[in-house]
Amino acid sequence: MDRLRPRERKIFSGFTEAEIEKMEKLLKEPGKQSADHEFCKKLTRNFNCSKGRAGKPILKWTEVQSWFEKRQQESHSKDNLLNASKKLLVVPEALPLIKENVSPQMPKGEKLPELSELQFEARSTKDGAWYDVDAFVSHRFLSSGEAEVRVRFVGYGSEEDEWVSVKNSVRERSLPLEHSECQKVKVGDVVLCFQERSDQARHYDACILEIQRKLHDVRGCRCLFLIRYQHDNTEERVRLKRLCCRATY
C-alpha cells in the first residue's frame, strides 16, 4: 500500500488569545471567505498593528491562512465521521465493551453521545501502519465473536477500505506534539512515530528508549529521541516533530 498518512502538524501557535478569539468568531460567520488571500492579508495587518501584538513577532498572512484552513479541515472531517457513523448500530468506542464470548449473531448496539467530537485512527492490515479514519462504513462479528469494522481512510476511496479488528486496530487519534510539550515524553512511553525510508514513509508505533534533552532555540525543540519501532524492532534517533502522542484512557 503506497500511501502517506494524512496528518497536519501545527506549524505555528504564536497567536494571542484575543487573535484566536477573533478568528474563531470570523470562522463562524456565514459567507466569510476566511481562507481567501486578501482577507487573510488584511486581517494579518490588523493583528500586527494591534496593541496586543506589541513586543511579539510579526505575523505572516500565510500563518493566518493556515490556521483557517486547518480549522475548516477539522470541521469537515468531523462532519464526515458523524454522517458515516449514523449508519452503524455499534460504534468503535462501544464495541470493546462487548464481552469476548458474545454470540456471533449481531447484537443490539447503541450509539454514543457527542460522537462528532471523536476522531479515530486504524492500523492497516496491508502494511501494519496507522492511518486516520475518515468513516466507519460497516461492522460485523466473526464466528469467534470478535468485532470488526470496515474503515475508510482519510484521502482514499472505497477501493482502499479495509476490515480491521476493533480491539487491536482501532483507537482514538494520536496527536502531534507541540515544541513546548517535549517534557511530556518519557523513556518507556509508546508513541506513534513517522518512519521515513527511501521507498516509504508511514506512521508506526514505537517505544522511547532514550532521550537527549537539548536547549530549545528559534526552531523549537532540539531534543533527540532514540526509538524502537514495534513492527520491525529497528531503532533510530528522531526529532519531536516526527512523534505523535497516543491517546490515553
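In this text, all values refer to a predicted model and were calculated from it rather than measured experimentally. Every chain is numbered on its own, with residues counted from 1 as its sequence reads. Owing to the predicted nature of the model, reporting of local features is limited to residues with pLDDT of at least 70; listing and counting of side-chain atom pairs is limited to 80 or more, with chain, interface and lining totals taken over all residues. Neither water nor hydrogens contribute to the side-chain values; these are computed over all heavy atoms in the structure.

What follows covers the overall build of the chain. Looking only at helices and strands, one finds four helices and eleven strands in the chain. Should any heavy atoms of two residues lie within 4.5 Å, those residues are counted as being in contact. Sequence separation of at least 24 residues holds for 58% of the intrachain contacts in the chain that already meet a minimum separation of 6. Put simply, the chain shows about 14,800 Å² of open surface, and 50% of that area lies on carbon and sulfur atoms. Under the DSSP-based scheme used, a helix requires at least four consecutive residues in state H or I and a strand at least two consecutive residues in state E, with every element numbered from the N terminus. Only the protein chains shown count as covering a residue, and every accessible area follows the Shrake-Rupley method with a 1.4 Å probe.

What follows deals with the pattern of salt bridges. Each salt bridge in this description consists of a side-chain nitrogen of Lys or Arg and a carboxyl oxygen of Asp or Glu lying within 4 Å of one another. Inspection of the entire model under this criterion finds 15 salt bridges. In this structure, the salt-bridge partner of Arg202 is Asp127, at a minimum N-O distance of 3.5 Å. Taken as a pair, Arg202 in strand β8 (residues 201–212) and Asp127 in the loop between β1 (120–123) and β2 (130–141) lie far apart in primary sequence, 75 residues in all. When sorted by exposure, Arg202 lands in the same class as Asp127, which is buried. For the salt bridge of Arg242 with Glu236, the shortest nitrogen-to-oxygen distance reads 2.9 Å. Only protein chains enter the accessibility calculation, which uses a 1.4 Å probe. A residue is then buried if its area is under 20% of the maximum for its type, exposed if over 50%, and partly exposed in between. What makes Arg242 buried here is its relative accessible area of 14%.

In this section: the packing of helix α1 (residues 17–28) against helix α2 (residues 37–49). Angles here are taken between N-to-C directions and fall from 0 to 180 degrees, while the axes themselves are lines fitted to C-alpha atoms, restricted in helices to the stretch in contact. Where α1 contacts α2, the two axes come as close as 12 Å, and the packing angle between them is 150 degrees. Relative to α2, the element α1 lies roughly antiparallel. When the axes of α1 and α2 are compared, the crossing they make is right-handed. When α1 is examined against α2, the residues Glu19, Lys22, Met23 and Leu26 are found in contact with a partner set consisting of Phe39, Leu43 and Phe47. Only Asp, Glu, Lys and Arg are considered charged, only Ala, Val, Leu, Ile, Met, Phe, Trp, Tyr, Cys and Pro nonpolar, and every remaining residue, Gly among them, polar. Along the lines of polarity and charge, the residues of the contact of α1 with α2 split into five nonpolar, no polar and two charged. Here is the rule for angles: anything less than 35 degrees is roughly parallel, anything more than 145 is roughly antiparallel, 65 through 115 is roughly perpendicular, and the remaining ranges are oblique. For any pair of crossing helices, the crossing counts as left-handed if the nearer helix is rotated counterclockwise from the farther one by less than a right angle, and right-handed if it is rotated clockwise.

In this section: unusual backbone geometry. Peptide bonds are mostly trans, and most non-glycine residues show a negative phi. A positive phi angle is found at Asn233, which is not glycine, with a value near 65 degrees. In this structure, Asn233 sits in the loop between β9 (224–229) and β10 (235–238).

To continue, consider the sheet that holds strand β11 (residues 243–245). Spatial strand order, β6-β11-β7-β8-β9-β10: six strands in an open sheet with antiparallel pairing. One side of each edge strand has no neighbouring strand; the edge strands of this open sheet are β6 (175–176) and β10. Pairing of strand β7 (residues 190–196) with β8, which is carried by seven bridges, proceeds in the antiparallel orientation. Among the inter-strand pairings, Gln195 is bridged to a residue of β8, identified as Arg202. At least two DSSP bridges between two strands are needed for those strands to be called paired.

Turning next to the nonpolar core. Val151, Ile208, Phe225, Ile227, Leu240 and Leu243 are the most contacted members of the largest nonpolar core, which has 32 residues in total. Every element with two or more residues in this core is listed here: β1, β2, β3 (147–153), β7, β8 and β9. With sequence-adjacent residues up to four places away left out, Phe225 is seen in contact with Cys182, Val185, Ile208, Glu210, Ile211, Arg213, Glu236, Arg237, Val238, Arg239, Leu240 and Leu243. Here, the term nonpolar core denotes a set of buried Ala, Val, Leu, Ile, Met, Phe, Trp, Tyr and Cys residues that are joined through side-chain atoms within 4.5 Å. Residues Phe15, Met23, Leu26 and Cys40 belong to the second largest nonpolar core, which totals ten residues.

Here we take up the sheet that holds β2. Spatial ordering of the open sheet is given by β4-β3-β2-β1-β5, a layout of five strands whose pairing is antiparallel. Edge positions in the sheet fall to β4 (162–165) and β5 (170–172), since each has one partner strand and no second. Along the sheet, successive strands turn relative to each other by an average axial angle of 50 degrees, direction set aside.

On to the side chain of Asp132, then. Looking at where Asp132 falls in the secondary structure, it is placed in strand β2. Owing to a relative accessible area of 6%, Asp132 belongs among the buried residues under this scheme. Side-chain atoms alone can form a polar contact between residues adjacent in sequence; in general such a contact is a pair of N or O atoms within 3.5 Å, and within protein one must be able to donate a hydrogen while the other accepts it. Side-chain polar atoms of Asp132 contact the side chain of Arg173, separated by 3.2 Å.

A word on the side chain of Gln65. Relative to the elements of secondary structure, Gln65 occurs in helix α3 (residues 61–85). Residue Gln65 is classed as buried on the basis of its relative accessible area of 10%.

Right, let's talk about α1 for a bit. Spanning twelve residues, α1 covers 17 Å between terminal C-alpha atoms, matching the ideal 16 Å at 1.5 Å per step. Residues of α1 that are buried: Glu19, Met23 and Leu26. The buried residues of α1 occupy an angular sector of 60 degrees when the element is viewed end-on, so they sit on one face. Opposite the buried face of α1, at more than 90 degrees from it, the exposed residues are Glu17, Ala18, Glu21, Lys25 and Lys28. The length a helix should cover is 1.5 Å for every residue beyond the first. The reported arc concerns the directions from the helix axis to the C-beta atoms and nothing else.

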